[in-house]
Amino acid sequence: MHIETNIPVAYRHSQELASLAAAQAAIGRGDLDGAIMSLRSALEPDKHDHGQSLVRMNLAAAFCQRAQGLVEDAPAIDLLDEAASLLKQAIAALPARTVTWAMARTNLAVVLLTRGNRAQSPAHVLMAHLALDGTEEIFATAGDQANLDWSRAVRDHLTEIHERRTQQR
């Protein structure tokens, strides 16, 4: 099953904004590799601010989408591990309990869920549940219905997986 990640938009003029716009245009053309190249070029590993957090979130989302399209598990898992690392870096740099922070955590849940399914790792699926903690409340408080629905859909999918696994025993 393919689960969407949410790609946030930068709110300031910068190199990050240009790279995010180029990445979104590439995705619109169906060019995921072009999006990844644009985002990689904007990534500054030693910089941890809001703009770089958005670059990391978008690059992680693109990696997750790429991994979902791969047939072989090992390269997909490597991409998902890199995506999880990028999202953890973004989350650490963002102000806690903000909409962008909640978006990053929901993306992390999708990445962990995808990795858990690929590697048959219940621990990653559990970590996906934990990543969602607090996201729905933040989106609800902000009146962000689209992201609230997205977070709930990810949680519902996680719950469905859990129920299937417990019924198989």
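Before any of the text, the structure's been laid out above.
First, a word on scope: everything that follows refers to the structure included in this document.

With that settled, the discussion passes to the overall build of the chain. In terms of helices and strands, the chain carries eight helices and zero strands. Order of helices (α) and strands (β) in the chain, N terminus to C terminus: α-α-α-α-α-α-α-α. Scaling as 2.2 N^0.38, a compact globule of 169 residues should have a C-alpha radius of gyration of about 15 Å, and the chain matches this with 15 Å. With respect to the three principal axes, the spread of C-alpha positions in the chain is 55 × 40 × 30 Å. In the chain, buried positions account for 49% of the 169 residues. A separation of at least 24 residues holds for 60% of the contacts in the chain among residues at least 6 apart in sequence.

Further remarks concern the environment of L87. As for its position among the elements, L87 is in helix 4 (residues 73-93). Taking the C-alpha atoms as reference, L87 lies 5.7 Å from M57; in sequence the two are 30 residues apart. Setting aside chain neighbours within four positions, we find L87 in contact with M57, A60, A104, N107, L108 and V111.

What follows covers the environment of T141. Turning to its location among the elements, T141 is positioned in helix 7 (residues 135-142). We classify T141 as exposed; its relative accessible area is 73%. A sequence separation of 42 residues divides T141 from V99, and the C-alpha atoms of the two residues are 9.4 Å apart. A polar contact is formed between the side chain of T141 and the backbone oxygen of E137, at a distance of 2.8 Å.

Where helix 5 (residues 99-119) meets helix 6 (residues 122-131), the closest approach of the two axes is 7 Å, and the angle between their N-to-C directions is 170 degrees. Considering the angle they form, helix 5 stands roughly antiparallel to helix 6. Contact with helix 5, carried on its side by R105, L108, A109, L112, L113, R115, G116 and N117, involves H124, V125, M127, A128, L130 and A131 of helix 6 and no other residues of that element. The class makeup of the residues in the contact of helix 5 with helix 6 is nine nonpolar, three polar and two charged.

The terminal C-alpha atoms of helix 1 (residues 15-28), which comprises 14 residues, lie 20 Å apart, in line with the 20 Å expected from a rise of 1.5 Å per residue. Residues of helix 1 that are buried: E16, S19, L20, A23 and A26. Here the buried residues of helix 1 occupy an arc of 125 degrees about the axis, which is enough to place them on one side. Structurally, helix 1 contributes buried residues whose contacts are with helix 2 (32-42) and helix 3 (50-68). Directly beyond the C-terminal end of helix 1, a positive phi value near 80 degrees is found at G30.

Along the chain, R105 turns up in helix 5. C-alpha of R105 to C-alpha of S53: the two residues are 52 residues apart in sequence and 12 Å apart in space. Those residues in contact with R105 that sit more than four places away from it in its chain are I91, L130, A131, D133 and T135.

The subject of this paragraph is the packing of helix 2 against helix 3. Two quantities define a packed helix pair, namely the angle between the axes and the distance from one axis to the other. Orientation of helix 2 relative to helix 3, taken along the N-to-C sense of each, is 150 degrees, at an axis distance of 9 Å. Relative to helix 3, the element helix 2 lies roughly antiparallel. Taken as a pair, helix 2 and helix 3 cross one another with a handedness that is left-handed. Contacts between helix 2 and helix 3 involve L32, D33, I36, L39, R40 and A42 on the former and, on the latter, Q52, V55, N58, L59, A62, F63, Q65 and R66. Split by residue class, the contact of helix 2 with helix 3 holds eight nonpolar, three polar and three charged.

The rules behind these values
- As a convention, each chain's residues are numbered from 1 in the sequence order in which they are written.
- Under the rules for a predicted model, residues below a pLDDT of 70 receive no local features and side-chain atom pairs below 80 are neither given nor counted, while totals for whole chains, interfaces and linings still include all residues.
- Values shown for side chains rest on all heavy atoms present in the structure; no hydrogens or waters enter the calculation.
- Helix and strand labels come from DSSP, where a helix needs a run of H or I of at least four residues and a strand needs a run of E of at least two; each type is numbered from the N terminus.
- Our radius of gyration looks at C-alpha atoms and nothing else; its globule reference is 2.2 Å times the residue count to the power 0.38.
- Exposure classes here rest on a 1.4 Å probe applied to the protein chains alone. A residue is buried below 20% of its type maximum, exposed above 50%, and partly exposed in between.
- Whether two residues touch is decided by their heavy atoms; if any such pair falls within 4.5 Å, the residues are in contact.
- For the purposes of these results, a polar contact is taken to be a pair of N or O atoms within 3.5 Å, where, inside protein, one atom must be able to donate a hydrogen and its partner to accept one; residues adjacent in sequence count only when each atom of the pair is a side-chain atom.
- All axes are obtained by fitting lines to C-alpha atoms, using only the stretch in contact for helices, and the reported angles, taken between N-to-C directions, cover 0 to 180 degrees.
- For classification, angles of less than 35 degrees are called roughly parallel, those exceeding 145 degrees roughly antiparallel, those between 65 and 115 degrees roughly perpendicular, and all remaining angles oblique.
- The residue classification treats Ala, Val, Leu, Ile, Met, Phe, Trp, Tyr, Cys and Pro as nonpolar and Asp, Glu, Lys and Arg as charged. All others, Gly included, are polar.
- A helix is expected to span 1.5 Å multiplied by its residue count minus one.
- An arc is given here, and it is the one of the directions from the helix axis to the C-beta atoms.
- Here a crossing is taken to be left-handed if its near helix is turned anticlockwise relative to the far helix by less than a right angle, and right-handed if that turn runs clockwise.

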